[in-house]
Amino acid sequence: MKLTLKIWRQTGRKDKGRFVSYAMDDVNAEMSMLECLDVLNESLIERGEEPVAFEHDCREGICGSCGFMINGIPHGPLPATTVCQLTMRHFKDGEELVIEPWRAAAFPAVKDLVVDRRSFDRIIAAGGYISVSTGNAPDGNAILVSKDTSDRAMDAAACIGCGACVAACPNASSALFTGAKIAHLSILPQGAPERDGRALNMVAQMNAEGFGGCTNIGECTGACPKEIQLEVIATMNRDFIRGSWKRRDQEVRTVKPMTEWSTGSKLKIDPHATS
Amino acid sequence: MSTSAVGVREEERAPGFWGSTNGKKAVMAVTGAILFIFVIGHLAGNLQVFEGPAKLNAYGKLLHTLGELLWPVRIVLLLCVTLHITATVQLALLKKRARPVGYSAKKAIASSYSSRTMYWSGPIVLAFVIFHLLHLTAGYYHPGAAFIEGDVYHNVVSGFQVWWVSVWYIFSVILLGLHLRHGIWSMFQSLGMNHPRHTPILKSTAWVVAVTIVLGYISIPISVMLGVVK
């Protein structure tokens, strides 16, 4: 099949970026979107041009590395699918695909379709964990969890942190991500002791990153490849309000977002250099 | 590249409840709920226009004889409007900062029309409320006929006999309905209440309530224009 890929090209953070159209004459309908880009990149390398940079890892829809906008929808038109699992047969012959990266102030551009999503890591570091004692493994049935509760926690835990929710949100809010990371712990008894502080800290870090505010419109859940529901945002709101009410004198502190790349060396090396 | 640090240990004190996006939404939910209750009470009072001049004027008089209660209620409503709008403006400014470079193509796939137009329906309803207060509460601007202090029935009927006043009223009330259709369920979400079984019911209820409110309000200017109420 024939396709035209209109891809966002940007050499680095300081570059303004632009769309470049690539005509592809022989796209195999069974290829995934990423494989299609691989084929394009092969031809670009043969022509001596810079290949399109995009993130990928597992290519089976569970790592959360890949993701970009296709015709205005994160991960493309197929619901509950990441771009690595999206096969080209879902597009029409002769179609033009507009491919651009996630756009948000909290996701600074790195190169082409790659954005810096370390803001998500900092939100998780702010409270997305539970504290457990080390030593022998506890008895498996010491804490009883009903099937219903564990299912709900697992639904929230399905979040792979790809960033499609932020990309889809008109406010560039990360409420669905933060909500999922709060809810999958908060629903379970193991997450209960740190429940109040967790929501306060993670919401504070989310706000420090410069994400927008949630307006409950639900674009995120439509774009989410793991179909995380808006309920997790309500859980975040409840925990946040509860935590704010119950807080005594613990001070909530946030980490300053770091947007530069560390080279691990004091030598002056250009961290954006590709080789 | 892969060894890049995630954050620097340069800590900052987090802003409080109002300073966070979630806190602002909670404030918007509570103030919105209070304003929603007012909208219902106001409708119930106004529908007395169908019971004739004596009944409506007596109701108007009753509100004014509440005396010490009238202004506290007004102040609470004014405070709610102020907080609701302040939070909206701040979140709208944040929205602009949060996505400095826009998309060349963006499709809405899962949101409702009313939720996407909240930023429009809100300000237009505000403009209408200001007009409405000048028109029927203060009597500062009352085209068509003279405003008579205390004769609520006369003011309403002669006011709505001006066609563009009625059209503007109907248009604004429909926008208020759209605003409520999203707002009624959204306030529960902002306050942390969402349930896979109850929220769909809540959303349908929001539809029914919004449509009922719109029909209730626009029945007044329509009846005046059709000559049913004169």
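If you're wondering where the values come from, they're calculated on a predicted model, not measured in any experiment.

Enquirer: Explain the overall build of chain A here, please?
Expert: Looking only at helices and strands, chain A features eight helices and eight strands. Here the C-alpha radius of gyration of chain A, 21 Å, is about what a compact globule of 275 residues would show, namely 19 Å. Along the first, second and third principal axes, the C-alpha atoms of chain A reach 60 × 50 × 40 Å. Buried positions account for 53% of the 275 residues belonging to chain A.

Enquirer: What exactly am I supposed to notice about the sheet that holds strand E3 (residues 69-70) of chain A here?
Expert: Strand pairing within a sheet occurs via backbone hydrogen bonds; the two strands may be parallel or antiparallel. All names here are of chain A. Here we have five strands laid out as an open sheet, ordered E2-E1-E5-E3-E4, and mixed in their pairing. Single-partner strands in this sheet number two, and they are strand E2 (18-24) and strand E4 (73-74). Bridging between E3 and E4 involves two bridges; their strand directions are antiparallel. When the bridges of E4 are listed, Ile 70 appears paired with Ile 73. Seen against the sheet, helix H1 (residues 33-46) touches strand E1 (3-9), E2, E3 and strand E5 (96-100) and runs at an angle of roughly 80° to E1.

Enquirer: When you look at unusual backbone geometry in this model, what are you seeing that I'm missing?
Expert: Negative phi characterises most residues that are not glycine, and trans characterises most peptide bonds. All names here are of chain A. Backbone geometry places Ala 80, a non-glycine residue, at a positive phi of 55°. Residue classification places Ala 80 among the partly exposed residues on the basis of a relative accessible area of 37%. The backbone of Asn 216 sits at a positive phi, close to 60°, despite the residue not being glycine. Counting through the fold element by element, Asn 216 comes out in the loop between helix H6 (195-208) and helix H7 (219-223).

Enquirer: Hey, could you run me through the side chain of Thr 31 of chain B in this one?
Expert: One can find Thr 31 of chain B in helix H1 (residues 21-46). Residues contacting Thr 31 of chain B, with those up to four places away along its chain left out, are Cys 80, Leu 83 and His 84 of chain B.

Enquirer: Any chance you could explain the domain arrangement of chain A here in plain terms?
Expert: Where the parts come together, the accessible area they lose is often given as the size of the interface. Residue and element names in this part refer to chain A. The domain architecture assigned to chain A consists of domain 1 (3-110) and domain 2 (118-246). The centre of domain 1, based on its C-alpha atoms, is set 29 Å off from the matching centre of domain 2. With 15 residues of domain 1 at the interface, the matching set in domain 2 holds 19 residues. Summed over both sides, the interface between domain 1 and domain 2 buries roughly 1200 Å², with carbon and sulfur atoms accounting for 65% of that surface. Area buried by domain 1 at its contact with domain 2 is led by Ala 80, Ala 106 and Phe 107, which between them contribute 35% of it. Counting across the interface, domain 1 meets domain 2 through zero salt bridges. Its residues assigned to classes, the side of domain 1 that touches domain 2 shows 10 nonpolar, five polar and no charged.

Enquirer: What is the right way to read the interface of chain A and chain B from this model?
Expert: With 58 residues of chain A in contact, the opposing surface of chain B contributes 51 residues. In total, chain A and chain B occlude about 4700 Å² of area from one another, counting both sides; carbon and sulfur atoms represent 55% of this. Among the ionic pairs, Arg 13 of chain B bridges to Glu 251 of chain A, the shortest N-O distance being 3.2 Å. Our enumeration of links across chain A and chain B arrives at 26 residue pairs in polar contact (both at pLDDT 80 or more).

Enquirer: Honestly, the side chain of Glu 100 of chain A in this entry has me stumped. Any pointers?
Expert: With respect to the helices and strands, Glu 100 of chain A occurs in strand E5. Note on Glu 100 of chain A: relative accessible area 1%, which makes it buried. Not counting the four nearest positions on each side in its chain, Glu 100 of chain A is found in contact with Trp 8, Phe 19, Phe 68, Met 69 and Leu 113 of chain A together with Gly 102, Tyr 103, Ser 104 and Ala 105 of chain B.

Enquirer: Would you mind going over helix H5 (residues 118-137) of chain B with me for this structure?
Expert: For an α-helix, 3.6 residues make a turn, and residues three or four places apart therefore share a direction. Residue and element names in this part refer to chain B. Its 20 residues place the ends of H5 26 Å apart at the C-alpha level, agreeing with the 28 Å of an ideal helix rising 1.5 Å per residue. What H5 keeps buried is the set Met 118, Ser 121, Val 125, Phe 128, Phe 131, His 132 and His 135. All buried residues of H5 project into a common sector of 155° when viewed along the axis, lining one side. On the buried face of H5, the contacting elements are H1, helix H4 (113-116), helix H6 (152-160) and helix H7 (163-190). Once H5 finishes, Gly 139 follows within two positions and takes phi at roughly 70°, a positive value.

Enquirer: What is the right way to read the packing of aromatic side chains from this model?
Expert: Enumeration according to the criterion identifies 14 aromatic pairs over all chains in this entry. Plain terms: the ring middles of Phe 107 of chain A and Phe 211 of chain A are 5.8 Å apart, the flat faces sit at 85° to each other, and that makes the pair edge-to-face. Of this pair, Phe 107 of chain A sits in the loop between E5 and strand E6 (109-111) while Phe 211 of chain A sits in the loop between H6 and H7, and the two are 104 residues apart along the sequence. A single burial state applies to Phe 107 of chain A and to Phe 211 of chain A, both of which are buried. Residues Phe 128 of chain B and Tyr 169 of chain B carry aromatic rings whose centres are separated by 5.5 Å and whose planes lie at 75° to one another, so their mutual orientation is edge-to-face. A residue pair is termed long-range when its members are at least 10 positions apart, and Phe 128 of chain B in helix H5 and Tyr 169 of chain B in helix H7 qualify at 41 residues.

What counts and how
- Residues numbered from 1 in each chain as written.
- Chains lettered and ligands numbered in written order.
- Predicted model: local features only at pLDDT ≥ 70, side-chain atom pairs only at ≥ 80, totals over all residues.
- Heavy atoms only, no water.
- Helix = DSSP H or I, 4+ residues; strand = E, 2+ residues; numbered from the N terminus.
- Rg over C-alpha atoms; globule rule 2.2 N^0.38 Å.
- Buried < 20%, exposed > 50% of the residue type's maximum accessible area, 1.4 Å probe, protein only.
- Pairing = 2+ DSSP bridges.
- Contact = heavy atoms within 4.5 Å.
- Axes fitted to C-alpha atoms, helices over the stretch in contact; angles between N-to-C directions.
- Domains from an automatic or database assignment.
- Buried area = accessible area lost by both parts, 1.4 Å probe.
- Salt bridge = Lys/Arg side-chain N within 4 Å of Asp/Glu carboxyl O.
- Nonpolar A, V, L, I, M, F, W, Y, C, P; charged D, E, K, R; others polar.
- Polar contact = N/O pair within 3.5 Å; in protein donor to acceptor, adjacent residues only side chain to side chain.
- Expected span 1.5 Å × (residues − 1).
- Arc of directions from axis to C-beta.
- Phe/Tyr/Trp six-rings, centres within 6.5 Å; stacked < 30°, edge-to-face > 60°.

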